[in-house]
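The residues making up each chain are set out below.
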Amino acid sequence: MDRKASIRVAPPGPKGKKIVDRDTRFLATATKAAPIAAVRGRGVLVEDADGNTYLDFTSGAGVINTGHCHPRVVEAIQKQAAELIHFAGTDYYYDVQARLAERLTEITPGKFEKRVFFTNSGTESIEAALKLARWSSGRRQYIAFIGAFHGRTMGALSLTASKPVHRDRYFPTVPGVEHIPYAYCYRCPYKLEHPGCGLWCVKILDEVYFGSYLPPGEVAAVFAEPVQGEGGYIVPPRDWMGALRDLTLKHGILLVDDEVQSGFGRTGKWFCAQHYGVEPDVVALAKGIASGFPLGAIVFRRELDWKVAGAHSNTYGGNPVGCAASLATIDVIEKERLRENAAGMGDYLHKRLLELQESHECIGDVRGIGLMQATEFVLDRRTKEPAPKLRDAIEELAWRKGLLLLGCGRSTIRYIPPLLVSRDQIDQAMGILDESVREAQKE
Ligand SMILES: Cc1ncc(COP(=O)(O)O)c(C=O)c1O
């Protein structure tokens, strides 16, 4: 499949249907976004079993930052698989893992000495951060944000607060988590406006929570996404994360920066916190780290490290093939200047979305940093009533026309193509989006 092939879409045909039917019979949960059975991907394009070609503006849920099957990543995986596929990385040493740990300490924010713990997913990185924070601080409580998504295992789920369905029938979650509102300026829960608000959404911790019932000396860590992802691609004001950092430093609370979705060049810098000049104590990584190979990590201040062997561990974390894929990913992002492309194409995509907003009343808000862009759909711009059904209809029309999109929040669509996306591909996607919004409104 040519990476520059053009999109070609007919309704998914019999081959795809066979795969969908088999999947549905034997294992599918109810979470599928569209009945598309992919067989191969190259760059920004994905081909299905019936030969249809789609523009992938989901990057496989924010993972394929270097594009589908980047040849240098494929080569690194093949080479490593022929040398050493597995060798319990928490029990022994191997070079590719050590090299990746070193690279991760170089590219993550903060010039201090760091340590790395490898995992297999974003959820598992958050679990590791939860345990590290309690272990190293001796404190028991956590603070997280309403709208947050940090994963789905019981610890991570206890922080997650973006959709009721994630938690329904799973209570009790792990005790000790306080949720406070995120800096969602488009729908400020305090009905204030930035900057006149003086960042009340951070100050409230000191002035209300810590002053009334939550002693700050009990709080191990604050978990924050620098752009809230599943919660609706909510971009906080540029001074929000810095204010949070100051407050956590004042009380000796750890700041865990969840860069699982916003990391690895997605926003135009290695990590989104770097836009805000913030140095977190712990950075949680996964998704874009290895171009699709299941790998995650936390990178943290050296002094926080578990001082007892076995206090935390796993079998597959930092698997050699995943580490090789990750080193190649970092290399590609650097050598092909994908952060620069994400910044430039992100600005262009943002501009095109603002133009669409001018012609479609239902686009209430356009927001994003780099190639982490989104539009929030509303029934009425004045009341801002969310339009989830309209959003879902737009997504469906778009994939039928050859553009893959993913929703988030109550009525938002995110636009997260691989970082090597071109201007032409953005223009093509915006054409399809424009048509889809027009048709969905008629329906
Ligand atoms: C910010 C954030 N943290 C954690 C996770 C969980 O990652 P995973 O699905 O790899 O377990 C996600 C997944 O979407 C995420 O967006």
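Residues numbered from 1 in each chain as written. Predicted model: local features only at pLDDT ≥ 70, side-chain atom pairs only at ≥ 80, totals over all residues. Heavy atoms only, no water.

### Quick look at the overall build of the chain
In terms of regular secondary structure, the chain is built from 13 helices and 15 strands. In terms of C-alpha radius of gyration, the chain reaches 22 Å, essentially the compact-globule figure of 22 Å for 443 residues. Overall, the chain is about 60 × 60 × 45 Å in size when its C-alpha atoms are taken along their principal axes. Among the 443 residues that make up the chain, the fraction classed as buried is 55%. Partitioning the intrachain contacts of the chain with sequence separation of at least 6 by distance along the chain shows that 73% fall at a separation of at least 24. Accessible surface, the chain as shown: approximately 19,500 Å² in total, 53% of it carbon and sulfur. One way to put it: in the chain the 56 positive side-chain charges average out to a point 2 Å from where the 54 negative ones average out. (Helix = DSSP H or I, 4+ residues; strand = E, 2+ residues; numbered from the N terminus. Rg over C-alpha atoms; globule rule 2.2 N^0.38 Å. Buried < 20%, exposed > 50% of the residue type's maximum accessible area, 1.4 Å probe, protein only. Contact = heavy atoms within 4.5 Å. Areas by Shrake-Rupley, 256 points an atom, 1.4 Å probe, with all protein chains shown as cover. Lys, Arg positive; Asp, Glu negative; His and termini not counted. Charge placed at Lys NZ, Arg CZ, Asp CG, Glu CD.)

### Some details on the side chain of D56
Among the structural elements, D56 can be located in strand β3 (residues 53–56). Within polar-contact distance, the side chain of D56 engages the backbone nitrogen of S59 at 3.0 Å. There is a polar contact of 2.7 Å between the side chain of D56 and the side chain of H68. Ignoring anything within four residues of it in the chain, the contact list for D56 reads V44, V46, H68, L404, P417 and P418. (Polar contact = N/O pair within 3.5 Å; in protein donor to acceptor, adjacent residues only side chain to side chain.)

### Digging into the sheet that holds strand β1 (residues 38–42)
Paired through backbone hydrogen bonds, the strands of a sheet run either parallel or antiparallel to each other. Spatially, four strands are ordered β1-β2-β3-β13 in an open sheet, and the strand pairing comes out mixed. Here the strands that pair on one side only, and so sit at the sheet edges, are β1 and β13 (403–404). (Pairing = 2+ DSSP bridges.)

### Comments concerning the site of the ligand
Taken together, S121, G122, T123, F149, H150, G151, E225, E230, D258, V260, Q261 and K287 form the complete shell of residues around the ligand. At 3.3 Å, a backbone N or O of F149 approaches a nitrogen atom of the ligand. Within the side chain of Q261, one N or O atom sits 2.7 Å away from an oxygen atom of the ligand. Burial of the ligand by the protein amounts to 83% of the accessible area it has alone, namely 390 Å². (Near = heavy atom within 4 Å.)

### Thoughts on the nonpolar core
Within the largest apolar cluster, 61 residues are counted, with the highest numbers of intra-cluster contacts made by F57, L104, F264, F377 and L433. The biggest single contributor to this core is helix α10 (residues 320–335), with eight residues. When we break this core down by domain, the ones giving at least three residues each are domain 1 (72–335) and domain 2 (337–387). F145, Y186, W240 and M372 belong to the second largest nonpolar core, which has 37 residues in total. (Core = buried A, V, L, I, M, F, W, Y, C linked by side-chain atoms within 4.5 Å. Domains from an automatic or database assignment.)

### Some thoughts on the packing of aromatic side chains
Aromatic rings considered in pairs are described by the distance between their centres and by the relative angle of their planes. In the structure shown here, the tally under the stated rule is ten aromatic pairs. Centre to centre, the rings of F264 and W270 are 6.4 Å apart; their planes meet at 80°, and the pair counts as edge-to-face. With relative accessibility at 1%, the residue F264 sits in the buried group. Take W270: its relative accessible area is 7%, and that puts it in the buried class. With a centroid separation of 5.2 Å and 80° between ring planes, the pair formed by F264 and F271 is classed as edge-to-face. A single burial state applies to F264 and to F271, both of which are buried. Taken together, the ring pairs connect F117, F300 and W306 into an aromatic cluster. Sitting above the plane of the Y186 ring, K384 keeps its charged end 4.3 Å from the centroid. (Phe/Tyr/Trp six-rings, centres within 6.5 Å; stacked < 30°, edge-to-face > 60°. Lys NZ or Arg CZ within 6 Å of the ring centre and 35° of its normal.)

### Some points on the pattern of salt bridges
The tally for this structure, following the rule as stated, stands at 27 salt bridges. Its salt-bridge partner being D331, residue R72 comes within 3.9 Å of it at the nearest N-O pair. Taken as a pair, R72 in helix α3 (residues 71–83) and D331 in helix α10 lie far apart in primary sequence, 259 residues in all. Exposure remark for R72: the relative accessible area of 32% places this residue in the partly exposed category. Here R187 ties to E376 by a salt bridge, and the two come within 2.7 Å at their closest N and O atoms. Note that R187 is positioned in the loop between β6 (177–181) and α8 (200–212) and E376 in strand β12 (residues 372–377), a separation of 189 residues in sequence. Note on R187: relative accessible area 25%, which makes it partly exposed. (Salt bridge = Lys/Arg side-chain N within 4 Å of Asp/Glu carboxyl O.)

### Quick word on empty space enclosed by the protein
Within the structure shown, the criterion is met by one cavity of 30 Å³ or more. Taken together, 15 residues form the lining of the largest cavity, with A183, C185, C188, C197 and C201 sitting closest to its centre. Looking at the lining of the largest cavity residue by residue, the classes come out as 13 nonpolar, one polar and one charged. (1 Å grid on protein atoms, 1.4 Å probe; cavity = no way out; pocket = protein on both sides within 12 Å on 5 of 7 lines; lining within 4 Å. Points joined across faces, edges and corners; volume = space filled by probe spheres on them. Nonpolar A, V, L, I, M, F, W, Y, C, P; charged D, E, K, R; others polar.)

### A few points about the layout of surface pockets
There is about 730 Å³ of room inside the second largest pocket. Along the wall of the second largest pocket there are 26 residues; nearest its centre are G89, T90, Q97, V116 and F117. Put simply, the parts of the chain that give the lining of the second largest pocket at least two residues each are α4 (95–107) and β4 (114–119). Residue classes in the lining of the second largest pocket are distributed as 13 nonpolar, seven polar and six charged.

### Quick word on the packing of α8 against helix α9 (residues 240–251)
Direction vectors running N to C along α8 and α9 enclose 30°, while the axes themselves pass 8 Å from each other. Looking at the two axes, α8 sits roughly parallel to α9. Of the residues in α9, those touching α8 at C201, V202, L205, D206 and F210 are W240, A243, L244, L247, K250 and H251. Within the contact of α8 with α9, the residues separate by chemical class into eight nonpolar, one polar and two charged. (Axes fitted to C-alpha atoms, helices over the stretch in contact; angles between N-to-C directions. Parallel < 35°, antiparallel > 145°, perpendicular 65-115°, else oblique.)

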